[in-house]
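Residue-level structure breakdown
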Amino acid sequence: MDPHPQAPTAPPAPPAPRATTRAPAPSAHVRSLVLVLVGALALLTLLAPLLAPGAHAAPPGSVEIDDAQGVIDDPDALEGRLQDIDLREAAAPVDLKVVTLDISGHDADPSADTGLNDAVLHFARSEHPDWIDGEKWADGVVILAIDPDNRKVGTYAGEDVKLSDGDFEDVQDAMKDDASDGAWADAFDAGAQKYADLLGRPWWRSPGAIIGAFIALVALGAGAVAALARGAGSRRRVRTARERFDDVRAKRQETDQAASRIPRDSSYGATILADVEDYRRAVDDAETASSVLPARPGPLWGIGPASARRAKEFAASVEVADRADDTIIGAARLLGRTGDFRSAWEEERRPLDESLAAVEQTIAEVLESADDADADADADTHGEQGATTGSDAAAGLRSTTRQVSSDLEEVSTAYLDGGISPDDALERLDELTERLSVASERLRDEAIGARTQDEDEAKVMRDAEPEHFASDFPTSVRGRQFARHPQDYVSGYSLSPVLWTGAWYGGATTALDTHRNPSASSGSTSGYSGGGFSGAGSSSSF
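Residues numbered from 1 in each chain as written. Predicted model: local features only at pLDDT ≥ 70, side-chain atom pairs only at ≥ 80, totals over all residues. Heavy atoms only, no water.

Next up on the list: the overall build of the chain. In terms of helices and strands, the chain carries 18 helices and eight strands. The proportion of buried residues among the 542 residues of the chain is 41%. Of all intrachain contacts in the chain linking residues separated by at least 6 positions in sequence, the fraction that spans at least 24 positions is 75%. Here the chain has roughly 27,500 Å² of accessible surface; of this, 51% comes from carbon and sulfur atoms. (Helix = DSSP H or I, 4+ residues; strand = E, 2+ residues; numbered from the N terminus. Buried < 20%, exposed > 50% of the residue type's maximum accessible area, 1.4 Å probe, protein only. Contact = heavy atoms within 4.5 Å. Areas by Shrake-Rupley, 256 points an atom, 1.4 Å probe, with all protein chains shown as cover.)

This next bit is on the pattern of salt bridges. Under the defined criterion, the tally for this structure stands at 33 salt bridges. Between R249 and E287 there is a salt bridge; the shortest N-O distance is 2.8 Å. One end of the pair, R249, is in helix α7 (residues 208-250); the other, E287, is in helix α9 (residues 267-292), with 38 residues separating them in the sequence. Under the relative-accessibility criterion, R249 is labelled partly exposed at 39%. R462 is the partner of E455 in a salt bridge, and the nearest nitrogen-oxygen pair spans 3.2 Å. Ionic contacts of the salt-bridge type, sharing partners, join the residues D275, D278, R281, R480 and R484 into one network. (Salt bridge = Lys/Arg side-chain N within 4 Å of Asp/Glu carboxyl O.)

Moving on: the sheet that holds strand β8 (residues 536-541). The mixed open sheet is built from six strands, whose spatial order is β1-β2-β5-β6-β8-β7. Looking at the sheet topology across the chains shown, the edges are occupied by β1 (63-67) and β7 (525-526). Taken strand by strand, helix α4 (residues 115-127) contacts β1, β2 (95-100), β5 (141-147), β6 (152-157), β7 and β8, and its axis lies near 55° from that of β6. Lying over the sheet, helix α6 (residues 184-199) contacts β2, β5 and β6, oriented at roughly 145° with respect to β5. (Pairing = 2+ DSSP bridges. Axes fitted to C-alpha atoms, helices over the stretch in contact; angles between N-to-C directions.)

Structure below.
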């Protein structure tokens, strides 16, 4: 007998009834995306016979580069890039032809609207007759052409691979930004990419019902792609902003300490203290936005307008904070002459240094090109300074440059040695910049007078502005002062005036050309000046 009998074991309790929980309803943007995808799948099923592999397969085409102007740095590399672009969704192979030429060298008039069209046709007839079939471009041929000197782009194609007039113009527009920057290979790459996007599959051969279904499928697919792209962009924006915000947080203490050291009695310091308020507000906004963002955004997060907006707001706040903290830290070093104040000083004088170094190049670009444009001078008669030798504005700018360069070194030495206060040193930099701005403005006025024929044209050039210039010196204390108090500076003042003038001239000449020939920029010009040739294509100016 067991001396320690155990108490009888109680029967096991029945299992507790399971709580019935209802899954949360999917969000509106997820439901919308599901409906779009379901509709797309249904239409795709209807179109399966048309879209099946091999239904419209075409053998690979070729890429041929004729760089008569020698402006493409690496034709082999460009050929490789273009070979990777899928231009084969047509009924026949697509042979892409890339051409650079000079209109005047091909029995054509550069000033005529059809100048590039005529030149390309002449070039094809003389060098590549296989590109032509009777009075049309040969089937499968797509030609992208640029005249760098006359600033023209053109697109031409065989009847089986041609685009609409509007689509030809869209291809040219895709090329113009890179062409304006002289990035010729990138311009051709952009044009080929756009052409591939617009060419599409020859669905016009399908019955009308399939056409309607295809259009609906494209619309649904575009909606789904747009939503997914918005989501991917939002998640990428949040990821990048979080990395930047980590840097902002890591520098928060240093930035706050720097802000506390900025002299309250400094006029330049007062501007930075205003930036401190913007910085703190941006950090607070970023912290608030970060707190409501998911720690790990899911694969569909961001496709809805609300979440995409939160991602943009967070990124914008981080951008302001990340830009301001470097300015605040540098300003504290500069105005207090502490830490690495020498680097802060170098950053302040950099815009002036870069302008001083660009004087001769800017004079040559502005005045010699103006002289060539209106006086049609022979380039061989110009020396290094050429037509600028007799220019009062050029002589004045050179003289000012010598004086400013000498004074700049004196100011720099005085600041670094402690012989002048930071505010006085910055005021001297502003004075030197002002003198260079005035001299640069005289150069601009002389260029305007040389190129224009009346006051309307002069106003067009005067009002032209360079693009993306103000952001070149984002952390400059003087730049922040000028941004907040522009009324305190002379007309025509720029932080780096000679660089500004060089950038202005490019935009001003383009604006003047557009003013003189508005049709060149308003759209493409199709057709050819003579004969019976009627191949598809057009050209426009950039």
